[in-house]
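Survey of secondary and tertiary structure
What follows is the residue order along each chain.
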Amino acid sequence: MADDTELGPSQADGLREFWAGLGTFQRAGVVTLAAFEVVCTTAAALDLMRRPQHLVRGPKALWWPALFVQPVGAVAYLTWGRRLRTGEDVLP
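Only a predicted model underlies this, so the values are computations on that prediction, with no experimental measurement involved.

About the thresholds
Residues numbered from 1 in each chain as written. Predicted model: local features only at pLDDT ≥ 70, side-chain atom pairs only at ≥ 80, totals over all residues. Heavy atoms only, no water. Helix = DSSP H or I, 4+ residues; strand = E, 2+ residues; numbered from the N terminus. Buried < 20%, exposed > 50% of the residue type's maximum accessible area, 1.4 Å probe, protein only. Contact = heavy atoms within 4.5 Å. Expected span 1.5 Å × (residues − 1). Phe/Tyr/Trp six-rings, centres within 6.5 Å; stacked < 30°, edge-to-face > 60°. pLDDT = per-residue confidence, 0-100. Salt bridge = Lys/Arg side-chain N within 4 Å of Asp/Glu carboxyl O. Axes fitted to C-alpha atoms, helices over the stretch in contact; angles between N-to-C directions. Parallel < 35°, antiparallel > 145°, perpendicular 65-115°, else oblique. Nonpolar A, V, L, I, M, F, W, Y, C, P; charged D, E, K, R; others polar.

For the rest of this paragraph, the subject is the overall build of the protein. Regarding its fold elements, the protein presents 4 helices and 0 strands. Seen in sequence order, the protein has helices and strands lined up from the N terminus as α-α-α-α. By residue count, 21% of the 92 residues in the protein fall in the buried class. The long-range share in the protein, meaning contacts at least 24 apart out of those at least 6 apart in sequence, stands at 50%.

Below is the structure:
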């Protein structure tokens, strides 16, 4: 059975043609959105790793796989998955 994760020559050519068919602003938009996803996912992963369990809504073990559901997982965690820190939770 063939490995579906590798692109064959015709698929790679098709992706190159698709990218070449995009305009300058469309390419810039794709690159900008991709960078935004990487930054959001990195920020969410660092926050989840450092945040104590009592400041996370729901189990941390369920948030980890959710972070990598693009493009909504990291944004959902950063928006709804965190509890606000109170004065006693902040380190001096």
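In this section: helix 2 (residues 24-50). Compared with the 39 Å implied by 1.5 Å per residue over 27 residues, the 39 Å span of helix 2 between its first and last C-alpha is a close match. Listed in full, the buried residues belonging to helix 2 are Cys40, Thr41, Ala44, Ala45, Asp47 and Leu48. On its buried face, helix 2 sits against helix 3 (60-67) and helix 4 (73-81).

Tallying each qualifying case throughout the model produces 1 aromatic pair. The interplanar angle of 65 degrees and the centroid separation of 5.3 Å between the aromatic rings of Trp63 and Tyr77 together place this pair among those described as edge-to-face. A residue pair is termed long-range when its members are at least 10 positions apart, and Trp63 in helix 3 and Tyr77 in helix 4 qualify at 14 residues. For Tyr77, a relative accessible area of 0% puts it in the buried group.

Mean pLDDT over the protein stands at 87; residues scoring 70 or higher make up 86%. By mean pLDDT, helix 1 (residues 9-21) is the weakest element of the protein at 86, and helix 3 is the strongest at 95.

Pairing between side chains of opposite charge can happen when the charged atoms of each approach one another. Scanning all chains against the criterion turns up 3 salt bridges. Here Arg16 and Asp13 are joined by a salt bridge, their closest N and O atoms 2.7 Å apart. You can see Arg16 and its partner Asp13 sitting in helix 1, 3 residues apart, about one turn around the helix. Note that Arg82 is salt-bridged to Asp47, the shortest N-O span being 3.5 Å. On the criterion of sequence distance, the pair formed by Arg82 in the segment after helix 4 and Asp47 in helix 2 is long-range, its members being 35 residues apart.

Put simply, helix 3 and helix 4 touch, their axes get as near as 7 Å, and they point 140 degrees apart. Comparing their axes, helix 4 and helix 3 come out oblique. Seen from helix 3, the contacting residues are Trp63, Ala66 and Leu67; seen from helix 4, they are Gly73, Ala74, Ala76, Tyr77 and Gly81. Along the lines of polarity and charge, the residues of the contact of helix 3 with helix 4 split into 6 nonpolar, 2 polar and no charged.

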